[in-house]
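Analysis of the macromolecular model
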Amino acid sequence: KGLPYYFYQFVVFLSGGHLFLLICLIMIAGLCFGMGLPTTPSYVILVILAVPAMIKLGVVPLTAHLLAFWVAVQSNVTPPVALAAIAASAIAKSDPWKTGWTAAKLASWVYLMPFLFIYTSILNVGWNFNFILTVIDACIALVAWGAAFQGYLFKETAWFERLGLFAAALGLLHEGVFTDIAGAAIFALVIVLQK
C-alpha cells in the first residue's frame, strides 16, 4: 500500500480521530518538511501524506488542499527556517534570529487560518450572509489579535486590555451569534478604554 497510506493511518491514529489535533499535527509536519524544501515540494509531500487523512475525517478535498498549501507556506516566516525573514534580515543587516521571531509574531495569524478554513464559513462559495459576516468578524479579529500581540492599539495597552483583545479575537473567530456579540463588545470596550 505504500508510505502515504501508512503515514495517514498513523496520523489519524495519533490524533485519535479528532480533527483539531490532526490539523495541529499537519502544521508541525509542514514546518518540518519546510525546513529542507521550498513551498511547492513541501505542499506536494503534504498532499500525498496528509490530505488523505483530512479527507478521511470529513474535510472537503478543496479545503484540505488549501490547508496543506497554507501550512507549506508557514515555514517561510517560522524559525528555524524563516527564509523570508532571513532574506529580510540580510537586507536590513539585523540579527536573523530576532528577525525570524519578530516575523513569526507579526504573522501569527498564519497559524490560525487553517482552523478558520475548517471551522468557519470563510471558504463558503458565494456572497451569502454567513460568508460576509465571517469575513467582517475575521477582519475585526485580525486587528484585535495584532494589537494584542504588539501591545499597541491607539496607544500602549495595559495587560488587561491585551487580555481583552485576545478574548475579543477568539470570540469573533468562533462561529456563533453570542460569541460574535461578546467579542465585538469586548473589542469596543477596549477602544473606549484606549480613547
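Refer to the structure above for everything that follows.
Nothing here was measured: the structure is a model prediction, and the numbers come from that model.

Take the nonpolar core next. One finds Ile 26, Leu 46, Met 54, Leu 67, Trp 109 and Leu 165 to be the most contacted residues of the largest nonpolar core, which totals 40 residues. Elements represented by at least two residues in this core include exactly helix H1 (3–15), helix H2 (19–34), helix H4 (51–56), helix H5 (61–73), helix H8 (109–119), helix H9 (129–150), helix H10 (159–173) and helix H11 (177–194). The greatest single-element share of this core, amounting to seven residues, is contributed by H8. Apart from the residues lying within four places of it in its own chain, the contact partners of Met 54 are Leu 22, Ile 26, Val 59, Ala 64 and Leu 67.

Before going further, it helps to spend a moment on unusual backbone geometry. Of note in this structure, Lys 93 is not a glycine but carries a positive phi near 55°. Relative to the helices and strands, Lys 93 is located in the loop between helix H6 (83–92) and helix H7 (96–106).

On to the packing of H2 against H8. Taken N-terminus to C-terminus, the directions of H2 and H8 make an angle of 145°; their axes are 11 Å apart at the nearest point. You can see that H2 and H8 cross each other, and the crossing is right-handed. Note on element contacts: H8 touches H2 through Tyr 111, Pro 114, Phe 115, Ile 118 and Tyr 119, opposite Leu 19, Phe 20, Ile 23, Cys 24 and Met 27.

Before going further, it helps to spend a moment on the environment of Thr 179. Tracing the sequence through the fold places Thr 179 in helix H11. For the pair Thr 179 and Ala 87, spaced 92 residues apart in the sequence, the C-alpha separation amounts to 40 Å.

Attention now moves to the side chain of Thr 157. Turning to its location among the elements, Thr 157 is positioned in the loop between H9 and H10. Not counting residues up to four positions away in its chain, the partners in contact with Thr 157 are Gly 151, Tyr 152, Arg 162, Leu 165 and Gln 194.

The rules behind each value
- Residues numbered from 1 in each chain as written.
- Predicted model: local features only at pLDDT ≥ 70, side-chain atom pairs only at ≥ 80, totals over all residues.
- Heavy atoms only, no water.
- Core = buried A, V, L, I, M, F, W, Y, C linked by side-chain atoms within 4.5 Å.
- Buried < 20%, exposed > 50% of the residue type's maximum accessible area, 1.4 Å probe, protein only.
- Helix = DSSP H or I, 4+ residues; strand = E, 2+ residues; numbered from the N terminus.
- Contact = heavy atoms within 4.5 Å.
- Axes fitted to C-alpha atoms, helices over the stretch in contact; angles between N-to-C directions.
- Left-handed = near helix turned anticlockwise from the far one by under 90°.

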